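In case you want the letters, here they are:
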Amino acid sequence: EAKAEGRGTFRLFEPQMDETVRERLHLERELREALQADRFELHYQPLVDLSDNRITGMEALVRWRHPERGLVSPALFIPLAEETGLIVPLGEWVLRQACRDAAGWPDGISVAVNVSPIQLRHRGFAQSVLAALATSGLVATRLELEITESVLLDDTEANLETLHTLRKLGVRISMDDFGTGYSSISYLRRFPFDKIKIDRSFVRDCAAQSEAGAIIRAIVSLGASLGITTLVEGVETEPQLATVRAEGAQEVQGYLFSPPRPAAEIAALLEAGTCPGGDGDRTMAA
Ligand code: C2E
Ligand code: MG
Ligand code: MG
Ligand code: MG
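Small disclaimer: the values here were computed from a predicted structure and weren't measured.

Draft legend 1. Main features of the pairing of strand S7 (residues 195-198). Residue alternation in S7 divides its side chains into two sets, Lys195 and Lys197 and Ile196 and Ile198, and both sets are buried. Where strand S6 (residues 172-178) lies against S7, three bridges are found, and the strand directions are parallel. Of the residues in S7, the one forming a bridge with Ser174 is Lys195. Here S7 pairs with strand S8 (residues 229-232) via four bridges, running parallel. Pairing of Ile198 across the sheet is with Val232, part of S8.

Draft legend 2. Region of interest: the coordination of the magnesium ion (ligand 3). For the magnesium ion (ligand 3), every protein donor is listed as Asp176 (OD), Asp177 (OD) and Glu233 (OE), and the spread of their distances is 1.8 to 2.6 Å. For the magnesium ion (ligand 3), all donor residues lie on one chain, and their spacing in sequence is D-D-x55-E. A separation of 3.5 Å is found between the magnesium ion (ligand 3) and the magnesium ion (ligand 2), both of which receive a donor from Asp176. One end of the pair, Asp177, is in strand S6; the other, Glu233, is in the loop between S8 and helix H10 (238-246), with 56 residues separating them in the sequence. Look at Glu233 and you get buried, because its relative accessible area is 10%.

Draft legend 3. Region of interest: the coordination of the magnesium ion (ligand 2). Distances from the magnesium ion (ligand 2) to its protein donors, Glu59 (OE), Asn114 (OD1), Glu146 (OE) and Asp176 (OD), fall at 2.0 to 2.2 Å. Site description for the magnesium ion (ligand 2): donor spacing in sequence, E-x54-N-x31-E-x29-D. By relative accessible area, which is 1% here, Glu146 ends up buried.

Draft legend 4. Main features of the site of ligand 1. Inspection of the region around ligand 1 gives 23 residues, with Arg63, Asn114, Asp176, Glu236 and Tyr255 positioned closest. One nitrogen or oxygen atom from the side chain of Asp176 is found 2.9 Å from an oxygen atom belonging to ligand 1. The fraction of the free accessible surface of ligand 1 (800 Å²) that becomes covered by protein chains is 82%. Of all elements in the fold, only strand S2 (54-66), helix H2 (74-84), helix H3 (87-103) and S6 reach the threshold of two or more residues within the shell around ligand 1. The greatest single-element share of the shell around ligand 1, amounting to four residues, is contributed by S2. Residue classes in the shell around ligand 1 are distributed as nine nonpolar, six polar and eight charged.

Reading the values: the criteria
Residues numbered from 1 in each chain as written. Chains lettered and ligands numbered in written order. Predicted model: local features only at pLDDT ≥ 70, side-chain atom pairs only at ≥ 80, totals over all residues. Heavy atoms only, no water. Buried < 20%, exposed > 50% of the residue type's maximum accessible area, 1.4 Å probe, protein only. Helix = DSSP H or I, 4+ residues; strand = E, 2+ residues; numbered from the N terminus. Pairing = 2+ DSSP bridges. Donors = N, O, S within 2.8 Å, 3.2 Å for Na, K, Ca; no water. Near = heavy atom within 4 Å. Polar contact = N/O pair within 3.5 Å; in protein donor to acceptor, adjacent residues only side chain to side chain. Areas by Shrake-Rupley, 256 points an atom, 1.4 Å probe, with all protein chains shown as cover. Nonpolar A, V, L, I, M, F, W, Y, C, P; charged D, E, K, R; others polar.

Below you can see the structure in the form of structure tokens.
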């Protein structure tokens, strides 16, 4: 009891405070400092068109260059950034940096940026996208925003309006991780997505289980009837690629072609005009 310790004693934390809470607070402070000190970097992973094995674009994937921990995965800090609201300035940095990098790539190569629901909901999001495009000189049609279906769960009207505004300007909208939420299909009627990214859990299972392959085929045909491009995430092996191809998907992304690589390596790869992976070099569009 704080009272038993006498007047003026104010204990913020119990001594036995959960170690995970302590760790969280520490991580939050570090995250703030990292933003100030510019310790984030973008890696890029190619998106490949299956009809001609060309690179159509790159997905920007953020990493935290931590002084002691090394390169920290977004899976470890994006959730905390979302809970603390730090995702808003971090997301703006990602947008600006991704547009700046992409402006230096060949004209045929677009850039895909992940957008958190919290970021999208934030007032001024559309404005920050426009600012990133204007500052970098990147044409709007070379920017894709990846959102998850959770974006459409709440605040629906405001979110839809923001997405419509951006889409009218030429920015393309992709639904990420499709198939992991529930009632996904109904969302396809509520917003005109340009691309569906089928979650990698389907390709992981598709070689062994024909059900997963059948689901990919169903989504591809649904996409085709709605005029939406379908991409399959997480293609790691040639047999998986063969299945995905047979099911009719238009685009793929995965370790088979390339893992996410630092921006400098991506620029060199685009300059060389090839994307190593699979059974040979994949040439790029330019
Ligand atoms: P995501 O948007 O679905 O991105 C794809 C993830 O799958 C990336 O993980 C990528 O490295 C990984 N991946 C790609 N190909 C393969 C493969 O063949 N096999 C396997 N096992 N994995 C593959 P990463 O970079 O760790 O990012 C994880 C998630 O963090 C992303 O999932 C995205 O939801 C989030 N994220 C990353 N960058 C950002 C960002 O700038 N903003 C926001 N809001 N979220 C981000
Ligand atoms: Mg994504
Ligand atoms: Mg994804
Ligand atoms: Mg995913």
